[in-house]
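Chain residues, written in single-letter form:
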Amino acid sequence: MRYSQKCMATEENKKTSTKSGAQEGFVYLPLIAGWLVPGGGHFLLRKWGRGALLAVSILGMFVLGLAMQGKVYSNAHDILDILGLAGDLGNGLPYVISRMLGLGDVQVMVTTADYGTRFIVVAGLLNIIAAVDAHNLRTGRKS
Amino acid sequence: MGNWVFQPSHFAAVLLFALFASTVFGVTMREKPRDMIRYGIYCFVLFVASAIALSWLMYFIAR
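Reading the values: rules and limits
Residues numbered from 1 in each chain as written. Chains lettered and ligands numbered in written order. Predicted model: local features only at pLDDT ≥ 70, side-chain atom pairs only at ≥ 80, totals over all residues. Helix = DSSP H or I, 4+ residues; strand = E, 2+ residues; numbered from the N terminus. Buried ≥ 20, exposed ≤ 12 C-beta atoms within 10 Å, placed from the backbone. Contact = placed C-beta atoms within 7 Å. Nonpolar A, V, L, I, M, F, W, Y, C, P; charged D, E, K, R; others polar. pLDDT = per-residue confidence, 0-100. Arc of directions from axis to C-beta. Core = buried A, V, L, I, M, F, W, Y, C linked by C-beta atoms within 7 Å.

Before going further, it helps to examine the overall build of chain A. The helix and strand inventory of chain A stands at seven helices and zero strands. Ordered by position in the sequence, the α and β elements of chain A form the string α-α-α-α-α-α-α. Within chain A, the fraction of its 143 residues that count as buried is 41%.

Here is the structure:
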């Protein structure tokens, strides 16, 4: 007679149940937290190292973009502006804070300002990748 | 940001971009730390190498 060990209280199953216990709650919470705060989704899942690396990279890129006098898109007049705005919105709360403080609201005067604008857009796109990664960790698609 | 303006050279901007993007790619695209580091370095080298190659290509096209 064969017995399945799938639901038995083996050491392996105990470890698995403890692990999943830390990931209870709303499934999309890491995704939303990761979008609002860069690295936040990973911090929520107790992936401190990964979260810190993502936060430093994304926030660093965003801040350097602002320091280069990059433009933060506020409205969209043509297709390129729409794409830029979509990328910027990926930054979550840093985007909202920069808009509230009036940062990135300058006319492009120097060559590096164009790089800065791209840095801010790409930081937003990378943040979306990081948030989706946090969601994959939460659902168990990735370990 | 006050009056502080960061004005890196073109190559420094490429290096910074490659560093941040490859860090995120490494962390999100691989599962084990060792694989993350290897993939991150791989992406960084590809970013920088392709930027240099394209720069030379544009230099010769412009002449």
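The structure having been displayed, the exposition proceeds.
What follows is about the interface of chain B and chain A. Counting residues at the interface gives 16 residues for chain B, matched by 24 residues for chain A. Looking at the side of chain B that touches chain A residue by residue, the classes come out as twelve nonpolar, three polar and one charged.

Summing up the model confidence of chain A, the mean pLDDT is 86 and the portion of residues at 70 or higher is 83%. Throughout residues 13-22 of chain A the model reports pLDDT below 50, and contacts reaching past four residues in sequence, or to other chains, amount to three contacts.

What follows covers the environment of A:Val132. All names here are of chain A. You can see Val132 is positioned in helix α7 (residues 111-139). Residue Val132 is classed as partly exposed on the basis of its C-beta count, with 18 C-beta atoms lying within 10 Å. In this structure the C-alpha to C-alpha distance between Val132 and Pro30, which are 102 residues apart in sequence, comes to 8.6 Å.

A few words on helix α5 (residues 79-89) of chain A. Residue and element names in this part refer to chain A. When we look at burial in α5, the residues that qualify are Gly84, Gly87 and Asp88. Projected onto a plane normal to the axis of α5, the buried residues spread over an arc of 100° and lie on a single side. Lining the buried residues of α5 we find α6 (93-100) and α7.

This brings us to the environment of A:Asp81. Relative to the helices and strands, A:Asp81 is located in helix α5. If near-sequence neighbours (up to four positions away) are discounted, A:Asp81 is found in contact with A:Tyr73 and A:Ala76.

What follows is about the confidence of the model for chain B. For chain B, the mean per-residue pLDDT works out to 93, and 95% of the residues sit at or above 70. Across the assembled chains, the prediction reports ipTM 0.90 with pTM 0.85.

On to the nonpolar core. Membership of the largest hydrophobic core comes to 34 residues, with the highest contact counts inside it found for A:Ile58, A:Met61, A:Phe119, A:Ala123 and B:Val24. Looking at this core, the elements with two or more residues in it are α2 (29-36), α4 (48-67) and α7 of chain A together with α1 (10-29) of chain B. Looking at this core element by element, the count peaks at eleven residues for α7(A). Residues contacting A:Ile58, with those up to four places away along its chain left out, are A:Pro38, A:Ala123, A:Leu126, A:Asn127, A:Ala130 and B:Val24.

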